[in-house]
Amino acid sequence: MNDVVNYVIDGNLAVVTVNNPPVNALSQAVRQGLLEAIRAAAQDDCKAVVIHCDGRTFIAGADITEFGKPHAEPLLPDLLNEIEASDKIVVAALHGTALGGGFETALSCHYRIALEGAKVGFPEVKLGLLPGAGGTQRVPRLAGVEAALDLMLNGAPVAAESAANLGLIDRVVDDSLLDEAKRYARELVESGARPRRASELQVAQADATIFDAAAAVVAKKARGQTAPPRIIECVRTAMATSFADGQKRERELFTESMKDPQSAAMRHLFFAEREAAKLAGLSKDTPKREINSIGIIGGGTMGGGIAMSFANAGIPVHMVEINDEALARGLSIIDGNYAGSVKRGKLSEERATQCRGLITGHTNYAALADVDLVIEAVFEDPELKKEIFAKLDKTCKQGAILATNTSYQDVNEIAKATNRRSDVLGMHFFSPAHIMKLLEVVRAEKTADEVLATVMALAKRIRKVAVVSGVCYGFIGNRMLQGYFREAQLCLVEGGTPESVDAAMVGWGMAMGPISVADLAGLDVGYKARQALPEDERGDPAAYRVADVLVEAGRLGQKSGKGFYIYDPETRKQSPDAEVHEIVEREAAALGIARRAIDAEEIVDRLIYALVNEGFRILEEGIAQRPGDIDVVYIYGYGFPVWRGGPMHYADAVGLDRVLARINEFRERFGEHHWTPAPLLEKLVGEGRGLADWAERA
Ligand code: 3H9
């Protein structure tokens, strides 16, 4: 038919093959080719049509790179209606991942056969969209309303076997998919089967409470997102009206979603996440070292979580602690975490035992002599870290990679403690490390390309989203966070309460408010760090005075039951504390601050623009490779709302000129010490440019 869709007659069958690497996305050429194929089959002397794909997967969805561009005919819903209307039986043969528009294509075919291990689903919700080519109308007809809501609101793919149980797939085979698909098509023809069109089925009536229950879940789990309520409306419409009317409504809501800034933000993240894995200036063929075993120094919360991340990916781990007691404590935390995962149904008992079996404990560095990578995860003491690296240098085999999990320290200095600086880098995990997806990979001055490439590939193996950062205090994420926390504390003393500051940020979409985050992390951590500095290096006293008073009163945050809030010892439920309100007022007076009403808009702008301004500095210094990397860090590591696309995308969407104007306004009001605009931001605004064309400029 064309370069990407092939059509051959094979006996009494027409065999249509899509070949559009890497994932057979439904580009205009694929849609055109499929249309011509189905029209050719209508004319040809064949009894049935088989649609399948070459390469690693069946169609993985619409072509996301075409979104936002002018429509190009044929439109997918029209093409799929034409496939479904075919008088000749159409069989779809699925392997790999049949997702979104790809699965909708399969559902417009009359019968579906899948290879064992194939996965199907509707990830549109993760792009701020809804299935827009009949999916919201065909799935309820085939599998019922509840399953349809579940698949489309969740966005996670399901195994072909589960889809078969739901009535979405007719046959699952374990080998030779195309031969089996042809056999199936011929069987259908011989048995006198007719085209079976999902659009002609009735939706089984379901209790309306299903929709309310789904809406309640969405309000909690996908707070602030606009696509999920639209999906619910489409499925509700499917139950109430004809296929044609339902499809019309689906089209309207799909178009609304496509124009919604939320979808632009989520599509940006889809590509940013994939870009982040690529290293500027490093070719794809950079050699990688083999990593078959890991050493971890330190069995605390961090070390234990890191150990589990590797064990869960089937990689053996040797964990070293200073003595038997510390080791036993560390291993028992790991045991507890695995038991918790089994209890919550996240892991089977058998799998948990297998993974736990891959972690062995030691009290001697000799256990690390043969490992391929060591990660140091002890507390933030630079001298101790250097001592450990000097010891590792002597103990580990040549070619072993030496990594530090430090959150702040200078990785160049740590590397200098060894005679193999090119093998040293940072691997900054986020707590709890076995759950959080972000990994900042810190490239030191002398880190070898090969070492970096190896660790980036390893990150994928342990299912982390890795972002490369240069060396600076706090790397990308924690460095930016300093201004964010500073503004949270300033808003508090200038007129807010812990509740008003948190509510403003949560209302804007953050997973947690900054004051609650401080309580969770422990107020003593910052306090100790400040005490170690001379007074004139501690920053603005207004930004830490209240926290210091709380720590000195024994209020360390969640762990001591009291911090900025009070915590129930049993349930950890948080409540406001009038005593803290008094402390805030008293300290504001002592600092000479006249408290005033401070609204949510000001709180949000000050906190978010403090992040953004530092983000521009980080970009300018080359600490982050690209704006999207910063966005990925904030989405996966800091609870930034996915539908706002990350701080840099958000700034771009607001308009850099408006962001700069607001920062300048803050400079006037609060002084240039905290609010000097980043030169790169000023430069881009001066040139009338945004961040969207960053890649072309690089
Ligand atoms: C939709 O279908 C809407 C319809 O309902 C209605 C329409 C009217 N388009 O992830 P990988 C690229 S919405 C364009 O690293 P993996 C990707 O950028 C769509 N490009 O591989 C990357 O490029 P590069 C619903 C795409 O093996 C390369 O392919 N579908 C698309 O780890 C490899 O990707 C989805 O949301 C696409 N649809 O995972 C599915 N997909 O090499 C999205 C991938 O230049 N895709 N690329 O960086 C995925 O979930 C994963 O890519 C998949 C493979 C599981 C398929």
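Residues numbered from 1 in each chain as written. Predicted model: local features only at pLDDT ≥ 70, side-chain atom pairs only at ≥ 80, totals over all residues. Heavy atoms only, no water.

Looking at the packing of helix 19 (residues 498-508) against helix 24 (residues 600-620)
Axis separation between helix 19 and helix 24 bottoms out at 9 Å; the angle between their running directions is 75 degrees. Comparing the axis directions of helix 19 and helix 24 gives the class roughly perpendicular. For the pair helix 19 and helix 24, the contacting residues are S500, V501, A504, M505 and W508 in the first and A600, I603, V604, L607 and I608 in the second. Residue composition of the contact of helix 19 with helix 24, grouped by class: nine nonpolar, one polar and no charged. (Axes fitted to C-alpha atoms, helices over the stretch in contact; angles between N-to-C directions. Helix = DSSP H or I, 4+ residues; strand = E, 2+ residues; numbered from the N terminus. Parallel < 35°, antiparallel > 145°, perpendicular 65-115°, else oblique. Contact = heavy atoms within 4.5 Å. Nonpolar A, V, L, I, M, F, W, Y, C, P; charged D, E, K, R; others polar.)

Some words on the packing of helix 24 against helix 28 (residues 679-686)
Orientation of helix 24 relative to helix 28, taken along the N-to-C sense of each, is 90 degrees, at an axis distance of 7 Å. By the angle between their directions, the pair helix 24 and helix 28 is classed as roughly perpendicular. On helix 28, the residues touching N613, F616, R617, L619 and E620 of helix 24 are P679, L680, L681 and L684. Residues that form the contact of helix 24 with helix 28 fall into these classes: six nonpolar, one polar and two charged.

Focus: the site of the ligand
In the neighbourhood of the ligand, 27 residues make up the surrounding shell, with R56, G101, E104, E124 and R274 lying closest. At 2.8 Å, a side-chain N or O of R56 approaches an oxygen atom of the ligand. In this structure, G101 approaches the ligand through a main-chain N or O atom, which is 2.8 Å from an oxygen atom. If you list the elements that add at least two residues to the shell around the ligand, you get strand 5 (97-99), helix 3 (101-108) and helix 11 (261-276). Split by residue class, the shell around the ligand holds 15 nonpolar, five polar and seven charged. (Near = heavy atom within 4 Å. Polar contact = N/O pair within 3.5 Å; in protein donor to acceptor, adjacent residues only side chain to side chain.)

Regarding a positive patch on the surface
On the surface, K119, K126, K437 and R463 cluster together into a patch of positive charge. Along the chain, R463 turns up in the loop between helix 17 (449-461) and strand 17 (465-469). (Patch = residues over 30% accessible without salt bridge, like charges linked within 9 Å, V, L, I, M, F, W, Y side chains within 5 Å. Areas by Shrake-Rupley, 256 points an atom, 1.4 Å probe, with all protein chains shown as cover. Salt bridge = Lys/Arg side-chain N within 4 Å of Asp/Glu carboxyl O. Lys, Arg positive; Asp, Glu negative; His and termini not counted. Charge placed at Lys NZ, Arg CZ, Asp CG, Glu CD.)

Concerning unusual backbone geometry
Along the chain, P21 connects to P22 via a cis peptide bond; the corresponding omega equals 5 degrees. A cis amide bond, omega -5 degrees, links E73 with the succeeding residue P74. With respect to the secondary-structure elements, P74 resides in the loop between strand 3 (48-53) and helix 2 (76-85). Even without being glycine, S176 reaches a positive phi, approximately 45 degrees. In this fold, S176 is placed in the loop between strand 9 (171-173) and helix 7 (177-190). Unlike most non-glycine residues, F475 shows phi in positive territory, near 55 degrees. In this structure, F475 sits in helix 18 (residues 475-494).

Brief notes about the sheet that holds strand 15 (residues 424-429)
Spatially, 12-11-10-13-14-15-16-17 is the arrangement adopted by the eight strands of the open sheet, whose pairing is mixed. Edge strands, defined here as strands with exactly one partner in the open sheet, are strand 12 (359-362) and strand 17. This sheet shows a mean twist of 25 degrees between the axes of neighbouring strands, independent of strand direction. Taken strand by strand, helix 12 (residues 301-311) contacts strand 10 (294-297), strand 11 (317-320), strand 12, strand 13 (373-376) and strand 15, and its axis lies near 170 degrees from that of strand 11. (Pairing = 2+ DSSP bridges.)

Focus: the packing of aromatic side chains
The description of an aromatic ring pair uses the distance of the two centres, along with the angle that the planes make with each other. Within this structure, the stated rule accounts for 13 aromatic pairs. Ring centres 6.5 Å apart and planes at 85 degrees place the aromatic pair Y634 and F640 in the edge-to-face group. Summarising the burial analysis for this pair, Y634 and F640 share the class buried. Taking 5.8 Å as the distance between ring centres and 40 degrees as the angle between the ring planes, the aromatic pair formed by F666 and F670 counts as tilted. Linking F666 with F670, this pair stays in helix 27 (residues 656-670), spanning four residues, or about one helical turn. On the basis of relative accessible area, F666 is assigned to the buried category, the value being 0%. Site record: aromatic cluster; members linked through ring pairs are F430, W508, Y634, Y638, F640 and Y650. A cation over a ring is seen here: K391 above Y365, with NZ or CZ 4.4 Å from the ring centre. (Phe/Tyr/Trp six-rings, centres within 6.5 Å; stacked < 30°, edge-to-face > 60°. Buried < 20%, exposed > 50% of the residue type's maximum accessible area, 1.4 Å probe, protein only. Lys NZ or Arg CZ within 6 Å of the ring centre and 35° of its normal.)

Digging into the sheet that holds strand 8 (residues 158-159)
With mixed pairing, three strands are arranged side by side in an open sheet as 5-7-8. The sheet is open, and its two borders are formed by strand 5 and strand 8, each paired with just one other strand. With three bridges connecting them, strand 5 and strand 7 (residues 119-121) associate as parallel partners. The residue of strand 7 that forms the bridge with L99 is G121.

Here we look at the domain arrangement of the protein
Looking at the protein, the domain boundaries give domain 1 (5-259), domain 2 (294-469) and domain 3 (477-590). Here domain 1 and domain 2 have C-alpha centroids that lie 43 Å from each other. (Domains from an automatic or database assignment.)

Notes on the environment of E450
With respect to the element layout, E450 can be found in helix 17. On the basis of relative accessibility, which here comes to 29%, the residue E450 falls in the partly exposed class. As for E450 and E687, which are separated by 237 residues in sequence, their C-alpha atoms are 38 Å apart. Not counting the four nearest positions on each side in its chain, E450 is found in contact with T286, P287 and R289.

Some thoughts on helix 24
Helix length check: helix 24 (21 residues) gives 30 Å between terminal C-alpha atoms against 30 Å at 1.5 Å per residue, within 8%. By the criterion of burial, helix 24 is predominantly enclosed, with 16 of the 21 residues buried. One or two positions beyond helix 24, positive phi appears at G622, with a value near 75 degrees. (Expected span 1.5 Å × (residues − 1).)

Remarks on the nonpolar core
Ranked by internal contacts, the top residues of the largest apolar core, which has 77 residues, are I476, F564, I608, Y609 and F616. The greatest single-element share of this core, amounting to eleven residues, is contributed by helix 24. Domain assignment of the residues forming this core places at least three in each of domain 2 (294-469) and domain 3 (477-590). Excluding anything up to four places from it in sequence, I476 contacts E440, V467, V468, S469, I618, I623, A624, I630 and V633. (Core = buried A, V, L, I, M, F, W, Y, C linked by side-chain atoms within 4.5 Å.)

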